[in-house]
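# Chains, contacts and geometry: an overview
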Amino acid sequence: MKESRRMEEHRDWHNPHWLPPIITKCTSVMGLNITTIATHMLGFILLLVFCHFAYMFLRKFSQPRVVSEFIVGLVLANLPFVRNKLSSEVLKQMNYIVDSGMVCLMFVVGLDINPIVLIKVPVREMKVAMAGFLITFLIAFLGTPLLRIPLHSNTVFYLGLSLVLSGTAYPLLTRLLTDLKIAKSDIGRFVITSAMLSDTMSILSIAVGFIIFDPEQNFKKRKGNEIVTMIITLLMEVFLAALIAPIIMKWVNRANPEGKPMTGSHLVLALASIIGIASIAPLYAKYSGLLSAFLSGLFMPKDGRISKMLINQVKYLFTGIFYPIFFFWVGIESNLSKFGAGHWRTWENLIFLFFITLIGKVVGSVVSGVILGFHWRESIQIGLLLSLKGQLHVYLALIARKMKLINISTSIVMVFVTLLTIIYTPTVVEKIIERARKRSPTQRMALQWHPPSAELQVLICVHGTQNVPSAINIMEISQGPPEPGIMVYLTDIVELTDKISATLVHEADETLTVTDPEVLEMRDSVTRMVEEYLDEGGEGVGLRRMIALSTMMNMHKDIIILGEDLIVSMIILPFHKDQDADGRLNSGNQGFRNINRKVLRNAPCSIGILVDRGFGSTRISKSSVIINIAVVFIGGNDDREALAFAERFARHPGVKLTVIRFLLDSNNETSVSTRLNKSRMLSPEHEEEMKLDDEYFADFYGKHVAGGHVSYMEKYLVNSGQTFSTLRSLEGHYTLFIVGRGGRVNSVLTKGMNDWEECPELGPIGDILSASDFSVTSSVLIIQQHSLRGELQGLQDEFSIM
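Residues numbered from 1 in each chain as written. Predicted model: local features only at pLDDT ≥ 70, side-chain atom pairs only at ≥ 80, totals over all residues. Heavy atoms only, no water.

## Quick word on empty space enclosed by the protein
For the structure on display, the rule yields one cavity of 30 Å³ or more. Roughly 40 Å³ of volume is contained in the largest cavity. Taken together, Val-164, Asp-199, Ser-202, Ile-203, Ile-206, Leu-392, His-393 and Leu-396 form the lining of the largest cavity. Mapped by element, the contributors of at least two residues to the lining of the largest cavity are helix 11 (186-212) and helix 19 (391-402). Among the residues forming the lining of the largest cavity, the class breakdown is five nonpolar, two polar and one charged. (1 Å grid on protein atoms, 1.4 Å probe; cavity = no way out; pocket = protein on both sides within 12 Å on 5 of 7 lines; lining within 4 Å. Points joined across faces, edges and corners; volume = space filled by probe spheres on them. Helix = DSSP H or I, 4+ residues; strand = E, 2+ residues; numbered from the N terminus. Nonpolar A, V, L, I, M, F, W, Y, C, P; charged D, E, K, R; others polar.)

## Brief notes about the packing of aromatic side chains
Evaluated as defined, the whole model comprises 22 aromatic pairs. Between Phe-354 and Phe-355 the ring centres are 5.5 Å apart and the planes differ by 75°, which places this aromatic pair in the edge-to-face class. The class of Phe-355 is partly exposed, set by a relative accessible area of 42%. Taken together through their ring pairs, the aromatic side chains of Phe-70, Phe-322, Tyr-323, Phe-326, Phe-327, Trp-329 and Tyr-395 make up a single cluster. The positively charged end of Arg-222 is found above the aromatic ring belonging to Phe-210, 4.8 Å away from the centroid. It is Arg-661 that lies over the ring of Phe-697; its NZ or CZ is 4.6 Å from the centre. (Phe/Tyr/Trp six-rings, centres within 6.5 Å; stacked < 30°, edge-to-face > 60°. Buried < 20%, exposed > 50% of the residue type's maximum accessible area, 1.4 Å probe, protein only. Lys NZ or Arg CZ within 6 Å of the ring centre and 35° of its normal.)

## Considerations on the side chain of Asp-693
Structurally, Asp-693 can be placed in helix 29 (residues 684-705). For Asp-693, a relative accessible area of 0% corresponds to the buried category. Only 3.0 Å separates the side chain of Asp-693 from the backbone nitrogen of Gly-636, close enough to count as a polar contact. (Polar contact = N/O pair within 3.5 Å; in protein donor to acceptor, adjacent residues only side chain to side chain.)

## Remarks on the nonpolar core
Within the largest apolar cluster, 121 residues are counted, with the highest numbers of intra-cluster contacts made by Met-102, Leu-177, Tyr-287, Phe-326 and Val-330. The dominant element in this core, judged by the number of residues it contributes, is helix 16 (residues 305-333), at 14 residues. Grouped together as the second largest cluster of nonpolar side chains are 53 residues, Val-458, Met-475, Tyr-696 and Phe-697 included. (Core = buried A, V, L, I, M, F, W, Y, C linked by side-chain atoms within 4.5 Å.)

Encoded structure:
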């Protein structure tokens, strides 16, 4: 009995009577049971995992996520055991998903384009877009007939293919340039606008051609009544989208203001009106749903909560779910065993289609660039970026094969051409960045050369509210005199996740606004805390709020770009380790550590890393609280920069500043012999560095120590062992230590310390003072002085700025 009951339960799993009727009905309609659904869900999860790991590998070669999704989809779908497991019902459902997804994508593409741009066309962008479009179209129309691409030669087919090759994947290009951090640069904005115009011209031309010719009938010319019906329904659709839809949208937006949950009935009404308008031409005139969705989105209102929500939610859905499914479908439709790699004509088609796309855009950009006065290198780079093809072009290639306009080998060739145009994009962007950096200024952005009469500009980064109290104390003690004062750019470091990406709103001025509730709440809390400090007595402190929103891999680029754009003299970053309840520092976030290291390596100004051990636990003021701050000075440009920053604390009533200078003990026999041997090896540059140390310290001493504003101590040491023990003896005496990151090059007092550093990015002295077993109350600010760009190592690899 028990065995039969188990078997009965097993049978019920395949046809479960305990499920709600609606679920069992849906699964029966699709021809799928629960086991099949679970298997497909598991397969989808594995697909996402493969895409993620492929992206982690390919990003080492600067390749974007779309390339990993492309490759994983092609490879997985062409594995024999995967392809054999896919039933006809699954393929049918996947076709429905892809077709519906592409309609949504085209609607959002149209919704993202402001038709006013087509009326008030930017002249320079239009010249480049039009030149590239027309020259590519001409070359493609004259060249593609020689390749024998269609199954049945047809002039109209070559016209359509030329229009497709002349377009640019505007949404994908925008996404790639945003990820590569040049979307907000002059050339980035120029390329995106040109791509939008090129893409719009291509799609609108195809939309007009679809009215006249029927691709399902080998581009046979339609009958007159069919053409008239399509034109009337499209005009009605455009009229409703441009005049009726705004009335509904405005009513829904007024009834559902920002900050309140969207009423379900209003959301249904808005979506129903959008779907109804976009469905008129496909239902009543058999017009393409893809093109109809684009035209509806193009003429619908862009402002308001509904439009922004649709753009954000669809983009989030596509990034996280649809694109992996789409490229898996591409892999299924692109049966690589039928690619025809052994035939020379296959490779001829691949090479010539790829170069037709490139040459047309590049020649068009160079010709228009000569007219506009662009440098020839920039013109070529713009042309290469405008050659990008994307999901729509892949979809059209595979649909053409389904319509039996081309064979499967040719459709796969077009898929590979699209992939090739995506792969080279990061290399082009890298060359743009490299050229821009060579032409950018090389002024010294360091405190040591900061004029006292000029306002000090500082960028202070915070990971969250936990960093704000210490940031406020840094503002307070470094503000200097009210005139000229200090300008602080308090910047929230926010990791760009798929969830947050879905909440980004494109404003009219091409800026992005984050509407994620958690991020907004965090930023509001930070702002309230700082404004409370300013209201209480932040005289001489100016404040501007900023945000660095990016993935962990690219966050350092955002910070560097902010530093350069704002022309700051100092960037202060939080240490990647936080203090636990017992006072010790935890293991920290390695992502934040990598950000700090990259910013240090590619610094546009001086950099400070704050190791916070309760520095903000007590609010520093000019009247009541006195804190002890120590500057450890050994020598070198970083130590001089630390002393320059500490100079701003010297006259603050709430600070007792002590400068501790570590000197080599000349009376010790060992140190004398060591120093004599060392002096024979010192280069003229090192001797000049020592001279600069003495001169700068003498100037500081005369200004502050001699006047009694700063205490001064000298420690005569023999070697790095004594340096270590002396630093240990300072534990508990000071609330904040300020040290240079590098220390003097080849100094006997720090020699060998870097052999056992836990955090090399902090330097030998900073690493000792920030060790988890050093103190629970002493914070450390490690400072690195700005170097000219040509002096920084590894700059060409990491730096990104236009």
